[in-house]
Amino acid sequence: MTLGDWMLTLLLTYIPVVNLIMLIIWSVDEKTNVNKKHFAWAALIFMGIGVVLSIIFSSIVVMILASAMHSMRYY
């Protein structure tokens, strides 16, 4: 892949919805360059890890806030 190919690849991955679509296409298309295919798989794996971690951390924050609000009740 040339420098221009990589620049276009990175540009497409910076656009929010387009990046997910293009990464899926690049990871399953047989005509895609093997380097771009591996890049797409790695990016999708990191996205998945990020989603899982954000769900875990946001659940922890919600539980902490719910516990704090529960302890603030007046009797």
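Residues numbered from 1 in each chain as written. Predicted model: local features only at pLDDT ≥ 70, side-chain atom pairs only at ≥ 80, totals over all residues. Heavy atoms only, no water.

### Points about the UniProt feature "transmembrane region" (unreviewed entry) in the protein chain
At step 1: On the UniProt side, "transmembrane region" (unreviewed entry) is annotated at positions that read residues 6-28 and 40-66 here.
At step 2: Strand forms 0% of residues 6-28 and helix 91%; the C-alpha atoms that close the span are 18 Å apart.
At step 3: Across residues 40-66 one finds 100% helix and 0% strand; the C-alpha atoms that close the span lie 39 Å apart. (UniProt positions renumbered as here; feature names shortened; annotations may be inferred. Helix = DSSP H or I, 4+ residues; strand = E, 2+ residues; numbered from the N terminus.)

### Some words on the nonpolar core
At step 1: Membership of the largest hydrophobic core is limited to six residues, which are Met22, Leu23, Trp26, Ala40, Ala43 and Leu44.
At step 2: Counting residues per element, the ones that place at least two in this core are helix H2 (16-28) and helix H3 (34-71).
At step 3: Leave out the neighbours within four places in its chain, and Leu44 touches Leu20, Leu23, Ile24 and Ser27. (Core = buried A, V, L, I, M, F, W, Y, C linked by side-chain atoms within 4.5 Å. Buried < 20%, exposed > 50% of the residue type's maximum accessible area, 1.4 Å probe, protein only. Contact = heavy atoms within 4.5 Å.)

### Considerations on H2
At step 1: Among the residues of H2, Asn19, Met22, Leu23, Trp26 and Ser27 are the ones counted as buried. Axial view of H2: buried residues confined to an arc of 130 degrees, hence all on one face. Pointing more than 90 degrees away from the buried face of H2 are the exposed residues Val17 and Val28. (Arc of directions from axis to C-beta.)

### Here's the deal with the packing of helix H1 (residues 3-13) against H2
The packing of two helices is summarised by the inter-axis angle and the distance between the axes.
At step 1: In contact at an axis separation of 7 Å, H1 and H2 are set at 130 degrees when each is read in the N-to-C sense. On the basis of their axis angle, the class for H1 and H2 is oblique. The residues of H2 that touch H1, namely those facing Thr9, Leu12 and Thr13, are Val18, Asn19, Met22, Leu23 and Trp26.
At step 2: Tallied by class, the residues present in the contact of H1 with H2 amount to five nonpolar, three polar and no charged. (Axes fitted to C-alpha atoms, helices over the stretch in contact; angles between N-to-C directions. Parallel < 35°, antiparallel > 145°, perpendicular 65-115°, else oblique. Nonpolar A, V, L, I, M, F, W, Y, C, P; charged D, E, K, R; others polar.)

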